[in-house]
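Observations on chain architecture
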Amino acid sequence: MSRLTYIRIFFILSCIVCTLKTAAQEITLFQQFNGRYDYTALGNTLNTAENGPNGACVINTSSSASLFLTPNQTMIAAYLYWAGSDNGDFDIELNGIPVSAERTFSDSLTGNRTFFAAFADVTSIVQSQGNGIYTVSELDLTSIIAPYCPTGTNFGGWAMTVIYENPALPLNQLNVYDGLESVPDQLEITLENLNVFDNMGAKIGFIAWEGDQALSVNESLRINGSLISNFPLNPATNAFNGTNSFTGASDLYNMDIDFYNIQNYINIGDTEATISLTSGQDFVMINNIITVLNSQLPDATVVIDQIGSMCDSRELNVTYTIFNTNSTAALPQDTPIAFYGDGILLGSDVTQNALPIGGSIQQMIALVIPATIPDSFVLEIVVDDDGTGTGTVDEINEDNNSAIENYVLPISPEIPNLNTLSLCDNSEILSFDLTVQESLFSEPSLTFEYYTNLTHATNETNPITNPENYQPSNFPAEIFIRVTNTITLCHAIESFELILLDSPTTNQATDLEDCTINTTASAPFDLTVNEAFINTDADIIFRYFETLNSDGTFADEITEPTHFFNNSNPQTIHVSVLNSNGCSENISFNIRVINCEIYIPSGFSPNDDGKNDVFNILNLEAHPNHELLIYNRLGTLIFEGGRNETPWNGYANKGYPTGQKMPTGTYFYVLYLNDIHTIATPLLLQQTYIGWVYLQDN
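Numbering of residues starts from 1 in each chain and follows the order in which that chain's sequence is written. Local features are withheld for residues below a pLDDT of 70 in this predicted model, meaning they are given only at 70 or higher, and side-chain atom pairs are given and counted only at 80 or more; totals for whole chains, interfaces and linings count all residues. Derived side-chain values reflect all non-hydrogen atoms in the structure, with water molecules and hydrogen atoms excluded from consideration.

1. Some details on the overall build of the protein chain
For the protein chain, the count of helices and strands is four helices and 39 strands. Atoms considered for the radius of gyration are the C-alpha atoms alone. The globule rule reads 2.2 Å times the number of residues to the power 0.38. Taken over C-alpha atoms, the radius of gyration comes to 55 Å for the protein chain, far larger than the 26 Å a tight globule of 698 residues would show. The classification of residues rests on relative accessible area computed with a 1.4 Å probe and restricted to protein chains. Under 20% of the type maximum is buried, over 50% is exposed, and intermediate values are partly exposed. Within the protein chain, the fraction of its 698 residues that count as buried is 47%. In the protein chain, 17 side chains carry a positive charge and 81 a negative one; their mean positions are 9 Å apart. Strands here are runs of E lasting at least two residues and helices are runs of H or I lasting at least four, both read from the DSSP assignment and numbered beginning at the N terminus. For the charge count, each Lys or Arg is scored as positive and each Asp or Glu as negative, with His and the chain ends excluded. Every charge is mapped onto a representative atom, which is NZ of Lys, CZ of Arg, CG of Asp or CD of Glu.

Written out as structure tokens, the structure is:
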């Protein structure tokens, strides 16, 4: 096939695919070096010949290239790029050492024709091996290139850029840009972050993939609108043609490692450059661009080393360091420095000395934070700022002059009103949980310690080791709490008291008895009648319960203690006696129901034989208010008895003859029950009993 036919085929195919090409990754600044730097590049293709519709559809899995640096060239960095058809092989070897992609790129012409590129920093490998042959292997695309061969888009290769330092070089700014952008048609790339001090010796280099020597339809490379070339290796009409400008090689099939002198195409003071690439036919992918420009500018940066402040003070002592490391000129003395709090100017300073290339200086300034700025604010230091946001020094990078730190003024914790802690003096264990005070604090990041005196709290000595179960030896006791903010380390100290509260005094209640005239064992009781015996203080609250739990608490509270029916006989009633201090004392008493039916015998024989020796009225004890009167036949009162008297034993205790036994005979009795305040009143039909009793004295 003739060369003309070959070109026509490619022209048709390229016109078809160019309309289907998709966008890849924009080329941007990756790394910048400022100093006496330059670079070289090496690499090789995996293609055995330039690809094309009639070319051999084969590809190698490895290739080699040589690196040679002179003794005065010190290697600083080595970046390895590799690329090829399809979706990518991202695990390869460099001189037998495994290398994995750290970043990847992709591009495509159609949905089923994709291309990849990869990056790895191999500085450590090149530093250890030095000059010599470098072989990239295990880059295996053999199984995937077949679909790419008919359109001449089968390729693979690698390139390595090596940045070195040479004391004999001028002060340069070396920028490494990468991404993956492509033509045909037109591609425009804007290179930013440039600082052109002197355009002498300026150059630009490219790593490009898939360029064809045989295709040069409307192909051009321009910088800032000016057509550039490197004749005869890279003519103006065929910039990407399988060459290496560093070695003069022209057999890097379908890849390019080229550089161009551009001193006539840039101007002093330029901060950016525009790269324009056109191609009416050839598919070319740009992966890497490197610019080397003479630059003599400082590059001021700042870091905040330390911020010191006393607690509850708004004055800061700020220690900071100014650097001029990534620079190509000294930073002048008296370069202005501005200090801002939440964007408000706090103060200013200047560099006390000129900083040489790579130099630094540490300085300190005292700043007062105005009350209009909150306790938590953003502190910003800006070098090369006169306090109005304006710089006075031209720098390599004008966007790296500030350091920011979120800062909180060290304010002591605010202690709320602390509670006095108390226990009742009848508590079984006089133990306090001091930590209950901590629930009063809402401020975060606080720690708490407790002390028995102010000196210990101030010096942080002898803290209370068991604040959850503290038992003081004396009352009242004063406790000091030390509250510390763990972020600012500021603290505050306050005290609170531990006191004992008086518990109510109680007297033992008497058991209550009520009676019934039938066989039932339940009757209504007024339990409150005992309150006058238990405690007469005005602030006392009585509560009544039926059940005592195993833990000493009560259950089954009696809600109507003035009218309570017992449910067992006898039954124990538990009483809680509560005073205004919130302290309580517990006692108990019994209630019982007895038979209160009166039975009066018709006679008795007080002859000391142990049988019927007294006038024994059955169930009289159920009527504690009773009164018994005995009269002789003449109507003379001879005996008067009641609750506190023993039953009549036949002896007179009234009238005449007092103290003597009465003779045998019939005597008249009157019994007054007087059941005004007892349960018997509504049950018995009568309250007074009269009758005769016979006394037999033998």
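2. Focus: the pattern of salt bridges
Salt bridges, as used here, are contacts in which a Lys or Arg side-chain nitrogen is within 4 Å of a carboxyl oxygen on Asp or Glu. This model, assessed by the stated rule, comprises eight salt bridges. Residue Lys-203 pairs with Asp-38 through a salt bridge whose shortest N-O separation is 2.9 Å. One end of the pair, Lys-203, is in strand 12 (residues 198–209); the other, Asp-38, is in strand 2 (residues 37–45), and 165 residues separate them in sequence. Asp-38 matches Lys-203 in its accessibility class, with the two residues each being buried. Of the charged contacts, one joins Glu-557 and Arg-543 as a salt bridge, the two residues approaching to 2.8 Å between their closest N and O atoms. Note that Glu-557 is positioned in strand 31 (residues 554–558) and Arg-543 in strand 30 (residues 541–548), a separation of 14 residues in sequence. For Arg-543, a relative accessible area of 35% translates into the label partly exposed.

3. Regarding the sheet that holds strand 25 (residues 446–451)
A strand pair is defined by DSSP finding two or more bridges across the two strands. The sheet built from four strands is open, its strands ordered 24-27-26-25 with mixed pairing. Every interior strand has two partners, whereas the edge strands, strand 24 (421–424) and strand 25, have only one. Taken over all neighbouring pairs, the strand axes of this sheet differ in orientation by 25° on average, direction set aside. Where strand 26 (residues 477–485) and strand 27 (residues 491–501) come together, eight bridges link them in antiparallel fashion. When the bridges of strand 27 are listed, Thr-484 appears paired with His-491. Helix axes use the C-alpha atoms of the stretch in contact, all axes being lines fitted to C-alpha atoms, and the angles between their N-to-C directions lie in the range 0 to 180 degrees.

4. Remarks on the environment of Ile-396
For Ile-396, the location among the structural elements is in the loop between strand 22 (376–383) and strand 23 (402–408). Between the C-alpha atoms of Ile-396 and Ala-329, which are 67 residues apart in sequence, the distance is 9.4 Å. Setting aside anything within four residues of it in sequence, one finds Ile-396 in contact with Gln-32, Asn-34, Gln-173, Asn-195, Ser-295, Leu-297, Pro-298, Asp-299, Asn-326, Ser-327 and Thr-328. Residue contacts follow a heavy-atom distance rule, with two residues in contact if any of their heavy atoms lie within 4.5 Å.

5. Examining the environment of Asn-569
Relative to the elements of secondary structure, Asn-569 occurs in the loop between strand 32 (564–565) and strand 33 (571–578). On the basis of relative accessibility, which here comes to 36%, the residue Asn-569 falls in the partly exposed class. Expressed as a C-alpha distance, the spacing of Asn-569 and Ala-521, which sit 48 residues apart in the sequence, is 6.3 Å. Discounting chain neighbours no more than four positions away, the residues touching Asn-569 are Ala-521, Ile-591, Arg-592 and Val-593. In this structure the side chain of Asn-569 is engaged in a polar contact, spanning 2.8 Å, whose partner is the backbone nitrogen of Val-593. Side-chain atoms alone can form a polar contact between residues adjacent in sequence; in general such a contact is a pair of N or O atoms within 3.5 Å, and within protein one must be able to donate a hydrogen while the other accepts it.

6. Some details on the state of the cysteines
In what follows, a disulfide is any cysteine sulfur pair within 2.5 Å. Tallied over the entire structure, the rule returns three disulfides. Each disulfide pairs two cysteine sulfurs, and for Cys-57 the partner residue is Cys-149, the sulfurs being separated by 1.9 Å. Disulfide Cys-57 to Cys-149: torsion about the S-S bond roughly 80°, handedness right-handed. With Cys-57 in the loop between strand 2 and strand 3 (63–67) and Cys-149 in the loop between strand 9 (132–137) and strand 10 (156–165), this pair connects stretches of sequence that are 92 residues apart. Covalent S-S linkage joins Cys-311 and Cys-490, the inter-sulfur distance amounting to 2.0 Å. Taking the sign of the S-S torsion, about -100° here, the bridge from Cys-311 to Cys-490 comes out left-handed. Placement of the pair is Cys-311 in the loop between strand 17 (301–308) and strand 18 (315–324) and Cys-490 in the loop between strand 26 and strand 27, with a sequence separation of 179 residues. The exposure class of Cys-490 is buried, given its relative accessible area of 0%.

7. Observations concerning the side chain of Asn-154
By secondary structure assignment, the location of Asn-154 is in the loop between strand 9 and strand 10. Excluding residues within four positions of it along the chain, Asn-154 makes contact with Asn-47, Asn-51, Ala-56, Ser-85, Ile-145, Tyr-148 and Cys-149.

8. What about the sheet that holds strand 37 (residues 637–642)?
Here five strands make up an open sheet; going across it, the order is 35-39-38-36-37 and the pairing mixed. Each end of this open sheet is capped by a strand with a single partner; those strands are strand 35 (603–604) and strand 37. In this structure, strand 38 (residues 665–672) lies alongside strand 39 (residues 688–695), joined through eight bridges in antiparallel fashion. Opposite Val-670, over in strand 39, you have Ile-690 as the bridge partner.

9. Structural notes on the pairing of strand 4 (residues 74–85)
Burial analysis of strand 4 places 10 of its 12 residues in the buried class, the great majority of the element. Here 10 bridges tie strand 4 to strand 10, and the two strands are oriented antiparallel to one another. The partner of Ala-78 across the bridge, within strand 10, is Val-162. In terms of strand pairing, strand 4 meets strand 8 (residues 113–121) through seven bridges, oriented antiparallel. Looking at the pairing, Tyr-81 lines up with Phe-119 of strand 8.

10. Quick look at the packing of aromatic side chains
Any two of the Phe, Tyr and Trp rings considered here, Trp counted by its six-membered ring, make a pair once their centres fall within 6.5 Å; the pair's planes then place it as stacked at under 30 degrees, edge-to-face at over 60, or tilted in between. Here the structure, examined in full by the defined rule, presents 26 aromatic pairs. With a centroid separation of 5.5 Å and an interplanar angle of 85°, the aromatic rings of Phe-90 and Phe-116 are classed as edge-to-face. Residue Phe-90 is found in the loop between strand 4 and strand 5 (91–94), and its partner Phe-116 is found in strand 8; the two are separated by 26 residues along the sequence. Overall, Phe-90 belongs to the partly exposed group, its relative accessible area being 26%. Aromatic pair Phe-115 and Phe-283: ring centres 5.3 Å apart, planes at 45°, arrangement tilted. With Phe-115 in strand 8 and Phe-283 in strand 16 (residues 273–294), this pair connects stretches of sequence that are 168 residues apart. An aromatic cluster of three or more residues is present, and its members are Phe-604, Phe-615, Phe-639, Trp-648, Tyr-667 and Tyr-669. Our definition puts a charge over a ring when NZ of Lys or CZ of Arg is within 6 Å of the ring centre and also within 35 degrees of the ring normal. Over the face of the ring belonging to Phe-119 we find Arg-103, whose NZ or CZ atom lies 4.4 Å from the ring centre.

11. Details of the confidence of the model for the protein chain
When pLDDT is averaged along the protein chain, the result is 90; 94% of the residues meet or exceed 70. In the model, residues 1–22 has pLDDT below 50 throughout and makes 36 contacts with residues more than four positions away in sequence or in other chains. A low-confidence stretch, residues 677–685 (pLDDT under 50), is modelled with 21 contacts involving residues beyond four sequence positions or located in other chains. pLDDT expresses, on a scale from 0 to 100, how confident the predictor is about each individual residue.

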